[in-house]
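# Architecture and fold: a report
Residue strings, one per chain:
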2 protein chains.
Amino acid sequence: MLYAGFMSADLPPFPKPQEPLDTPQLLEVGSAPDEPCLRADAARNRARLLEAAARLIAEHGAAGVTMEAVAAAAGVGKGTVFRRFGDRTGLLTALLDHSAKKLQADFLGGPPPLGPGAPPVERLRAFGVAVLYRSAEQLDLHLAAQPEPTRRFSHPSYRALHTHVTVLLRQILPGADHELLARPLMAFLDPALVNHLTRQCGMPMERLEKGWLDLVARVTRTEV
Amino acid sequence: MLYAGFMSADLPPFPKPQEPLDTPQLLEVGSAPDEPCLRADAARNRARLLEAAARLIAEHGAAGVTMEAVAAAAGVGKGTVFRRFGDRTGLLTALLDHSAKKLQADFLGGPPPLGPGAPPVERLRAFGVAVLYRSAEQLDLHLAAQPEPTRRFSHPSYRALHTHVTVLLRQILPGADHELLARPLMAFLDPALVNHLTRQCGMPMERLEKGWLDLVARVTRTEV
DNA sequence: AATGTAACTGGACCTCGGTCCGGTTAAGGT
DNA sequence: ACCTTAACCGGACCGAGGTCCAGTTACATT
């Protein structure tokens, strides 16, 4: 099936010919050497940048870290950061890439109930819970990595999740408008919402989890 | 009931003592003279700014208008803009304020099916459709006015809508977690989503409308 | 080893949202 | 009419994201 594949590839050569959001950029999941032959110094700088970014964020929080600071901490120029990661969102996304890949592998090819083998409804339930807790773990990073609203829905990592939900819904509700019905489900898992509900409204995660299960139950009820 | 009231009041005196998002700032809907005795020159500049902003946005699109340009077009300094509207989001929100107030008045005290009098489910249906089309009308402005993701859910205009949905849900589903269940419904009406579905996916508004009605039907089904 | 070149580098530079503060002015009391 | 003062004004200033391009460097080819 391999419809998915999060964005993690580095930027094309330059000068940005990229519309990496239009050209689907679907890598298969398990295989890719997803560093398309990066020059040695470039690869080294990439690693340094990621490491520096992770460290600074751990120290000062995701919001209080400037691109220039990351560049300085990695011992490279600011231009290098942007060449490699495109923009701030790209850098932060790259930091989340590992956990994103793992999540994807889990629900795409892992053991049930997340992976194939369990009934679709059950997979959907497990999927939401997994995403919910993953978001909660790295909330700050997810928040800071959120692209501007206009591109949110085109972002590869959103699309992969949305596609998965759509596919599951198709199996559960053959007659519905899955593409559309998947949206509110996805929205419930939005890190920004999780942030608001837990930190500003003070809800415990258990309530969000209950809410997700309830929502899935309501949406996927077939009788009438 | 008067739980709502969009933000439109000008900023407090200065130096910004404002946490207008924490202190609920709930004005009652129909009454307020919502300009709390603005000095003559200030009021004049406020009007000029709104007019200039509207004109520039009509000419160059909401995204291509800088705050400085608005200030210049209005014949005032940049500081004045920020003093009056707080930030970019505030200015754009003020431009949307009229239609926001009207919408609010409609679903709060207008004729059925939007206003009180119709059965709650029917009101909810009408509400979504109304919000959907309102978003579609001024998409660019809504998009540009969107606050940063962190504050999106705290923003008065969001809260008013969310509260209304919650109240309707409470009438329809006495036993459910309305507060939570309202979120995915609200998310379906998010201007950013409407933008993506219509402009990038090319869906017609009719499909979105169908989608909303379907979603409401699923979520509010009461039988087991 | 020499060479050609595509890719990479770094930091000066630009833009734009947002802040600051010394000077100005409208409004109310006398 | 005048004074006081709180509110307002404007534009210099700042920080941070993002761009540009002249110089440098890794790799392939011969």
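Use the structure listed above.
All values derive from a computational prediction rather than experimental measurement. (Residues numbered from 1 in each chain as written. Chains lettered and ligands numbered in written order. Predicted model: local features only at pLDDT ≥ 70, side-chain atom pairs only at ≥ 80, totals over all residues. Heavy atoms only, no water.)

### Regarding the protein's contact with DNA strand D
Convention followed: Throughout, near means a residue has at least one heavy atom within 4 Å of the molecule or strand. Polar contacts, as counted here, are pairs of nitrogen or oxygen atoms within 3.5 Å of one another; within protein the pair requires one atom able to donate a hydrogen and one able to accept it, and residues that are adjacent in sequence qualify only if both atoms are side-chain atoms. Secondary structure elements are defined from DSSP: runs of H or I of at least 4 residues count as helices, runs of E of at least 2 residues count as strands, and each element is numbered from the N terminus. Here the term charged refers only to Asp, Glu, Lys and Arg, the term nonpolar to Ala, Val, Leu, Ile, Met, Phe, Trp, Tyr, Cys and Pro, and the term polar to all other amino acids, Gly among them.
Near DNA strand D lie 25 residues; those nearest to it are K78 and R88 of chain A together with R39, N45 and T80 of chain B. Counting only atoms of DNA strand D within 4 Å of the protein, the sugar-phosphate share comes to 66%. A distance of 3.4 Å separates a base oxygen of DNA strand D from a polar atom in the backbone of G79 of chain B. Taken together, the elements giving at least two residues each to the surface near DNA strand D come down to helix 1 (40–60) and helix 3 (78–85) of chain A together with helix 1 (40–60) and helix 3 (78–85) of chain B. With five residues, the single largest contributor to the surface near DNA strand D is helix 3 of chain B. Per-class residue counts for the surface near DNA strand D are seven nonpolar, seven polar and eleven charged.

### Observations concerning the relation of the copies chain A and chain B
In plain terms, the rule: Superposition of the copies used a least-squares fit over C-alpha atoms from residues whose pLDDT is at least 70 in both. By the convention used here, residues are in contact when the closest approach between their heavy atoms is within 4.5 Å.
Aligned on chain B, chain A shows an RMSD of 0.1 Å; the corresponding rotation is 180° and the shift along the axis is 0.0 Å. Taken together, the rotation and translation relating the two chain copies correspond to the operation of a two-fold axis. Using C-alpha coordinates, one finds that chain A approaches the rotation axis most closely at P184 of chain A, a distance of 2.3 Å. When you check the interface residues of chain A against chain B, 100% turn up at the interface there too, and the contact is symmetric in its surfaces.

### Some points on the interface of chain A and chain B
Threshold: Buried area counts how much accessible surface, traced with a 1.4 Å probe, disappears from two parts once they are put together, with both parts' losses summed. Each reported salt bridge corresponds to a side-chain nitrogen of Lys or Arg within 4 Å of a carboxyl oxygen of Asp or Glu.
Taken residue by residue, the interface counts 35 residues in chain A and 35 residues in chain B. Across the interface of chain A and chain B, roughly 3100 Å² is buried in total on both sides, 62% from carbon and sulfur atoms. By the criterion of area lost to chain B, the three top residues of chain A are F153, L180 and R218 of chain A, representing 19% of everything that side buries. The interface formed by chain A and chain B contains four salt bridges. Connecting chain A to chain B are nine residue pairs in polar contact (both at pLDDT 80 or more). Those elements that place two or more of their residues in the side of chain A that touches chain B are helix 7 (149–152), helix 9 (178–188), helix 10 (191–200) and helix 11 (205–220) of chain A. For the side of chain A that touches chain B, a count of residues per class yields 18 nonpolar, seven polar and ten charged.

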